[in-house]
Amino acid sequence: MTGFMPSFLKKTSILTFLFLILLSCTERDRYITFSGYAQGGTYTVKLNLNGVDGQVKAEPQQIKDSVDAILGRIDASLSGYNKKSLLSRFNAGEAIIPDKIFIDIYQIAREFYCHTGGAIDVAAAPLFDIWGFGFRNGEFPDDAQVRSTLDGCGMHRLTGDMEYVLSEDGRLVPENLLSDTRGPLPKLNYNAIAQGYSCDLVAEYLYSIGVKDMMVDIGEIFCDGVNPSGQAWGIGIDRPTDGNNQLGADLQGVFRMPEGPHGVVTSGNYRKFYLKDGKKYAHTIDPSTGYPVSHNLLSATIIAPDALTADAYATYCMVVGLEESKDFIESASGLEGCLVYDDNGEFKVWTSSGMTLSEL
């Protein structure tokens, strides 16, 4: 998953966004594609202007403006790099008035924390910071620093219901979220689910104006319906070679999305890592140990009914490793997955029973 950085940093470039209208060969379908900046990178939306009941209920420029506004609200609420965001102010110990986004994603994160046995823990932000994969540049920590940092982290130290501790005027005092007082307030980091959540909010808006065929790509993907060729959307899985930072440049394979709405997310350790004394330290941190994971799973691609779920469980797989991921995917209702792993220096691919990966 890519870093969650503020779109406002690139406002000077937003006027140069790509905006293309692609007319299909038939009179029935009219697809458009537009792009912009969001969360430290670019987003792309493709959709059919012929919607559920004919033409969708908004003009192309209005659709793009609305998508930009949604992503701007998410940035103002959840970005850890935007120092004025609600999240940054909360992490700094400031009392805030949380918006619906801030409250909703906290409750969602709590559910994933419980369901995964703590493998997804958004209250482990300081661990990512000390390893240099969070909101600050860290240095290689020693064991004592890891232990002391780990002791102050964890959603188990926070109350389960944020709304319950709001003051009468709607303010959230950070210390009021604590369920114990044995250490500092755990800082929050929503990188494991923020982009999937963003995809789903954009898709929710597109559904509201009558769109039926869509692909929303914000680093993570949500899609429904068919592509301009009338086929299911095709998704490529990048080959997890170290330093493969260009999306689509080197693909492991391609698969067609199942019928209906789905999110698809790939998480891996081949883009964010560093080497020290000949050992690779990946950006996936195990919240139970405080250390980067060390197993042979290189990337996990999850297909789920929504992008948020796919995002969370792709991260979960990268925490628990190959064998637990296989068992989890096969036993979970509504999930499919593709796991790429190292087998004595050779890439191997495992796919769940409902997913077929076409080799290139």
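Residues numbered from 1 in each chain as written. Predicted model: local features only at pLDDT ≥ 70, side-chain atom pairs only at ≥ 80, totals over all residues. Heavy atoms only, no water.

**Student:** Give me the overall build of the protein: which residues, what numbers.
**Tutor:** Looking only at helices and strands, the protein has eight helices and 15 strands in total. The buried share among the 360 residues of the protein stands at 52%. Once local pairs closer than 6 in sequence are excluded, the contacts in the protein between residues at least 24 apart make up 62%. (Helix = DSSP H or I, 4+ residues; strand = E, 2+ residues; numbered from the N terminus. Buried < 20%, exposed > 50% of the residue type's maximum accessible area, 1.4 Å probe, protein only. Contact = heavy atoms within 4.5 Å.)

**Student:** So what's going on with the nonpolar core? Which residues, and what values?
**Tutor:** By size, the foremost hydrophobic cluster in this structure holds 79 residues, and its most contacted members are Leu47, Ile63, Phe102, Leu188, Tyr190, Val202 and Leu206. In terms of residue count, helix H7 (residues 307-320) provides more of this core than any other element does, 10 residues in total. Contact partners of Tyr190, with chain neighbours within four places excluded, come to Leu78, Leu87, Ile105, Tyr106, Ala109 and Val122. Tyr31, Met257, Ile303 and Met355 belong to the second-largest nonpolar core, a separate cluster that totals 15 residues. (Core = buried A, V, L, I, M, F, W, Y, C linked by side-chain atoms within 4.5 Å.)

**Student:** Describe the packing of aromatic side chains, naming the residues involved and giving the relevant values.
**Tutor:** All chains considered together, the criterion is met by eight aromatic pairs. Seen in terms of ring centroids, Tyr207 and Phe222 are 6.2 Å apart; in terms of plane orientation they differ by 90°. Their pairing is edge-to-face. Here Tyr207 is found in helix H6 (residues 194-208), whereas its partner Phe222 is found in strand S7 (residues 221-224), with 15 residues between them in sequence. Judged by its relative accessible area of 33%, Tyr207 is partly exposed. Under the relative-accessibility criterion, Phe222 is labelled buried at 4%. Grouped by ring-pair contacts, the aromatic residues Phe112, Tyr313, Tyr316 and Phe328 constitute a single cluster. (Phe/Tyr/Trp six-rings, centres within 6.5 Å; stacked < 30°, edge-to-face > 60°.)

**Student:** Report on the environment of Asn91, specifying residues and quantitative values.
**Tutor:** On the secondary structure map, Asn91 appears in helix H2 (residues 86-91). Judged by its relative accessible area of 15%, Asn91 is buried. Taking the C-alpha atoms as reference points, Asn91 and Ala125, 34 residues apart in sequence, are found 9.5 Å from one another.

**Student:** How would you sum up the packing of helix H3 (residues 100-115) against H7? Please name residues and give values.
**Tutor:** At their nearest, the axes of H3 and H7 sit 12 Å apart, and the two run at 45° to each other. It follows from the interaxial angle that H3 and H7 lie oblique. The two elements H3 and H7 cross, and the hand of that crossing is right-handed. Listed contacts from H7 to Ile108, Phe112 and His115 of H3 are Leu308, Thr309, Ala312 and Tyr313. (Axes fitted to C-alpha atoms, helices over the stretch in contact; angles between N-to-C directions. Parallel < 35°, antiparallel > 145°, perpendicular 65-115°, else oblique. Left-handed = near helix turned anticlockwise from the far one by under 90°.)

**Student:** A description of H7 should follow, citing residues and the corresponding values.
**Tutor:** The end-to-end C-alpha distance of H7 is 20 Å, a good match for the 20 Å that 14 residues give at a rise of 1.5 Å each. Burial within H7 is extensive, with 13 of its 14 residues counted as buried. Regarding H7, its N-cap is Asp306, as a side-chain oxygen of that residue lies 3.3 Å from the backbone nitrogen of Leu308 further along. (Expected span 1.5 Å × (residues − 1). Polar contact = N/O pair within 3.5 Å; in protein donor to acceptor, adjacent residues only side chain to side chain.)

**Student:** For the environment of Thr284, give the residues involved together with the corresponding values.
**Tutor:** With respect to the helices and strands, Thr284 occurs in the loop between strand S12 (279-282) and strand S13 (297-304). Setting aside its immediate chain neighbours within four residues, Thr284 contacts Asn269, Tyr291, Pro292, Val293, Met318 and Val319.

**Student:** Quick one: what's the story with the pattern of salt bridges, residue by residue and with numbers?
**Tutor:** Under the counting rule described, the total for this entry stands at eight salt bridges. With a closest N to O distance of 3.0 Å, Arg89 and Glu94 form a salt bridge. Residue Arg89 is classed as partly exposed on the basis of its relative accessible area, which comes to 25%. For the salt bridge of Asp169 with Arg171, the shortest nitrogen-to-oxygen distance reads 3.3 Å. Take Arg171: its relative accessible area is 37%, and that puts it in the partly exposed class. (Salt bridge = Lys/Arg side-chain N within 4 Å of Asp/Glu carboxyl O.)

**Student:** Lay out the packing of H7 against helix H8 (residues 322-331) with the relevant residues and their values.
**Tutor:** Look at H7 against H8: their axes get within 7 Å of each other, and the N-to-C directions meet at 140°. Here H7 runs over H8; the crossing is right-handed. Across the interface between the two elements, Tyr313, Tyr316, Cys317 and Val320 of H7 pack against Leu322, Glu324, Ser325, Phe328 and Ile329 of H8. Considering only residue class, the contact of H7 with H8 consists of seven nonpolar, one polar and one charged. (Nonpolar A, V, L, I, M, F, W, Y, C, P; charged D, E, K, R; others polar.)

Geometric descriptors of this kind do not, in isolation, establish any biological role.
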